[in-house]
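Residue-level listing of the chains:
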Amino acid sequence: MTAGDGTLDPFDAFREDVDVRATGRGSGLRTGGAADGERSVAVVGGAMAGLAAAHAFSRLDWDVELYERQSFDEKRVNCGEAMTDVTRIPLEKTPENGFANDTPIFEVQVFTGDVDDRELAGTGRFPASRAYVTDRALVERAWAARLREDGVDVRENTGVSKADFDALCERHDLVVDATGQPSLASKIEGTTAEYAGAMTALNADVEGDFSDLYPDSRIVFENYLGYSWVFPKSESRANVGIGWAQDRQPESYMAAFEAACERNDWPVPTREQANVYTIPRGPSLDPERTWLPDRGVVRVGDAAGIANRFTGKGISQAIESSYLAAVHADADVLEAYPDALYARLRDEYRLAYVVRGALEDGRPDILSGVMEAVSGIDVEDVDRNPRKAFARLARHPVLVANMLGSKPMLQRAWRAWTNDWEFRHLEDASAR
Ligand SMILES: Cc1cc2nc3c(=O)[nH]c(=O)nc-3n(C[C@H](O)[C@H](O)[C@H](O)COP(=O)(O)OP(=O)(O)OC[C@H]3O[C@@H](n4cnc5c(N)ncnc54)[C@H](O)[C@@H]3O)c2cc1C
């Protein structure tokens, strides 16, 4: 099958590249779900991770049921809606499928000083060879329609309760928990505290004049623990948003959102236009907890707590985790999925953790230096190939000396290097 434009289906291409290794412990998958001996999977949650899981298992000839509590025609998504081709979505990148704007550059501005008396300290410009600002609800609708054509049993407007979830676990060989964060499985197990850290974020689709910026996109750091963004979909429409770390939130989200739009000269959204949601800060869930063999449940996407620690980007990670889980389940080595997932994301976590430290430790000057030093690297390489970013940093000895001269930054670098992440300290908080 092709992706609709004559190229190999992105999941099939992914599969060819994955090295699946058994650990010899057995996957714990139960057998004999479907009457005809075909293996069956229930996917709970029909956003990016769930759609990807349904797609992958269907390509592997499993019998697939997909449950989504909202209607795809009315779905409201809380997101900046920016994504790249790394997402491996098997749809043509057309406006009809929701891919509104090819965005060639993501510009990052870093300000120092107080938000009301701020000073532009540095700008990074990151080319994005195949990046899009989307109407994500349209993308999800088109993908769900494609799954139906492929024979997936797509059940929208069907929320899965805790009791339903247990029944699905009984009836299927495998249940994929793609319900976002905190996941339905964690609610059932009473372990929602195992997710560490999150950002509260608001976003809105607004109309205005974006001709100065279009087709590029912009992210703004203004010396608080969070950031705001404007991602134009056309010269006259954009997704604007703002997020804060949950322990450093403003008194009124909406007032702070309005003020940020005014500061940045973006249209101010109404309350009705604004969505409020949580951006998980990955890695927020211990990777070991992404496969629950006793229940026959695997967690993917935000349910697995894997969004980027610094940028909040989680779509490509969600899809990658689903594809990876499907390949491991099909080879009956699902017990190897947590380690495989962690190994793929570890470098990205490291860089994100260290860079985010500049904001957490109140050093926007260091952040602006980092952005200028790594400016010019493809936006996906910043996440996927952080060695490029580290190599660039190495060319700036004064900046590196500044970073190493800051004790908290040094501690961060050490914790990142030794994989000493915050989820390792959560064992007491989460009732395992
Ligand atoms: C404001 C904001 C801006 C963001 N911007 C970006 C961005 O620009 N680019 C990017 O890559 N990432 C972005 N992210 C992160 C990204 O949105 C998430 O990482 C991504 O949506 C994760 O996808 P998911 O499918 O795992 O989970 P979700 O998108 O949370 O989807 C979970 C799905 O499960 C369904 N569901 C939940 N419970 C049940 C149930 N019991 N039964 C049935 N269905 C259920 C929900 O209706 C939903 O459709 C942003 C996040 C936020 C909050």
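Residues numbered from 1 in each chain as written. Predicted model: local features only at pLDDT ≥ 70, side-chain atom pairs only at ≥ 80, totals over all residues.

> So what exactly am I meant to see when it comes to the sheet that holds strand β6 (residues 117-127) here?
Within a sheet, each strand pairs with its neighbour through backbone hydrogen bonds, oriented either parallel or antiparallel. Read from one edge to the other, the open sheet built from seven strands follows the order β6-β5-β11-β12-β13-β10-β14, with strand pairing classed as mixed. Taken across any chain shown, the strands that pair with only one partner, and hence form the sheet edges, are β6 and β14 (275-280). Ignoring which end each strand starts from, the neighbouring axes of this sheet average 20° apart. The sheet strands contacting helix α6 (residues 253-263) are β10 (198-207), β12 (226-234), β13 (237-245) and β14, and the helix crosses β13 at an angle near 125°. (Pairing = 2+ DSSP bridges. Helix = DSSP H or I, 4+ residues; strand = E, 2+ residues; numbered from the N terminus. Axes fitted to C-alpha atoms, helices over the stretch in contact; angles between N-to-C directions. Contact = placed C-beta atoms within 7 Å.)

> Hey, could you run me through helix α8 (residues 337-360) in this one?
Along α8, the largest kink reaches about 50° and is centred on Leu 345. Just downstream of α8, Gly 362 is the residue with a positive phi angle, here 70°. (Bend = angle between axes of the 7 residues up to and from the residue.)

> Could you clarify how one ought to interpret the domain arrangement of the protein chain in this entry?
When the parts of a complex come together, some accessible area is lost, and that lost area is often taken as the interface size. Segmentation of the protein chain into domains returns domain 1 (10-345) and domain 2 (346-425). Look at where the C-alpha atoms of domain 1 and domain 2 centre, and you get two points 24 Å apart. Among the elements that line the side of domain 1 that touches domain 2, the one with the most residues is β6, at seven residues. When the residues that make up the side of domain 1 that touches domain 2 are grouped by side-chain class, the tally is 19 nonpolar, 12 polar and four charged. (Domains from an automatic or database assignment. Nonpolar A, V, L, I, M, F, W, Y, C, P; charged D, E, K, R; others polar.)

> Help me understand the packing of α8 against helix α13 (residues 407-417), please; the structure alone is not making it clear to me.
When two helices pack together, their arrangement is given by the angle between the helix axes and the distance between those axes. Where α8 meets α13, the axes come as close as 9 Å, and the angle between the chain directions of the two elements is 170°. Classified by the interaxial angle, the pair formed by α8 and α13 is roughly antiparallel. Residues Arg 350, Tyr 353, Val 354 and Gly 357 of α8 lie in contact with α13, whose contacting residues are Pro 408, Met 409, Arg 412, Ala 413 and Ala 416. Across the contact of α8 with α13, the residue classes break down as six nonpolar, one polar and two charged. (Parallel < 35°, antiparallel > 145°, perpendicular 65-115°, else oblique.)

> What should I look at first to understand α6 in this one?
Given 3.6 residues per helical turn, the α-helix brings residues three or four places apart onto the same face. Those residues of α6 lying buried are Phe 257, Ala 260 and Cys 261. Down the axis of α6, the buried set is contained in an arc of 100°. They therefore lie on one face. Along α6, the residues that are exposed and aim more than 90 degrees away from the buried face are Ala 255 and Glu 262. For α6, the secondary structure elements touched by its buried residues are β10, β12 and β13. Just past α6, the residue Asp 265 takes up positive phi, approximately 65°. (Buried ≥ 20, exposed ≤ 12 C-beta atoms within 10 Å, placed from the backbone. Arc of directions from axis to C-beta.)

> Help me understand the sheet that holds strand β3 (residues 82-84) in this model?
With antiparallel pairing, three strands are arranged side by side in an open sheet as β3-β7-β4. Sheet topology places β3 and β4 (99-102) at the edges, where each strand pairs with a single neighbour. Neighbour to neighbour, the strand axes of the sheet diverge by 35° on average, direction disregarded. Where β3 meets strand β7 (residues 131-134), three bridges bridge the pair, whose relative direction is antiparallel. Looking at the pairing, Met 83 lines up with Tyr 132 of β7.

> It is not clear to me how the site of the ligand should be interpreted in this structure. Could you clarify?
What surrounds the ligand is a group of 37 residues, the closest being Gly 45, Gly 80, Gly 180, Gly 301 and Gly 314. Counting only elements with at least two residues in the shell around the ligand, the list comes to α2 (48-59), β3, β10, β14 and α7 (315-330). Of the residues forming the shell around the ligand, the biggest block, three residues, is contributed by α2. Partitioning the shell around the ligand into residue classes produces 18 nonpolar, 14 polar and five charged. (Near = placed C-beta within 6 Å.)

> Sorry, what's going on with the pairing of β6 here?
Put simply, side chains in a regular strand alternate between the two faces of the sheet. Judged from the 10 bridges that link them, strand β5 (residues 105-114) and β6 form a sheet pairing that is antiparallel. Counterpart to Phe 111 in the pairing with β6 is Leu 120. Following β5, the chain reverses through two residues before pairing antiparallel with β6.

> Just checking my understanding: could you explain the nonpolar core for this structure?
As a rule of thumb, soluble globular proteins bury nonpolar side chains together. Formed by 124 residues in total, the largest nonpolar core has its most connected members in Val 43, Val 44, Ala 49, Ala 53, Val 176, Val 298 and Val 300. A per-element tally of this core places α8 first, with 12 residues. Looking at which domains feed residues into this core, each of domain 1 (10-345) and domain 2 (346-425) supplies at least three. The contacts of Val 43, once residues within four sequence positions are left out, are Gly 50, Ala 53, Ala 54, Val 64, Leu 66, Tyr 67, Val 176 and Ala 178. (Core = buried A, V, L, I, M, F, W, Y, C linked by C-beta atoms within 7 Å.)

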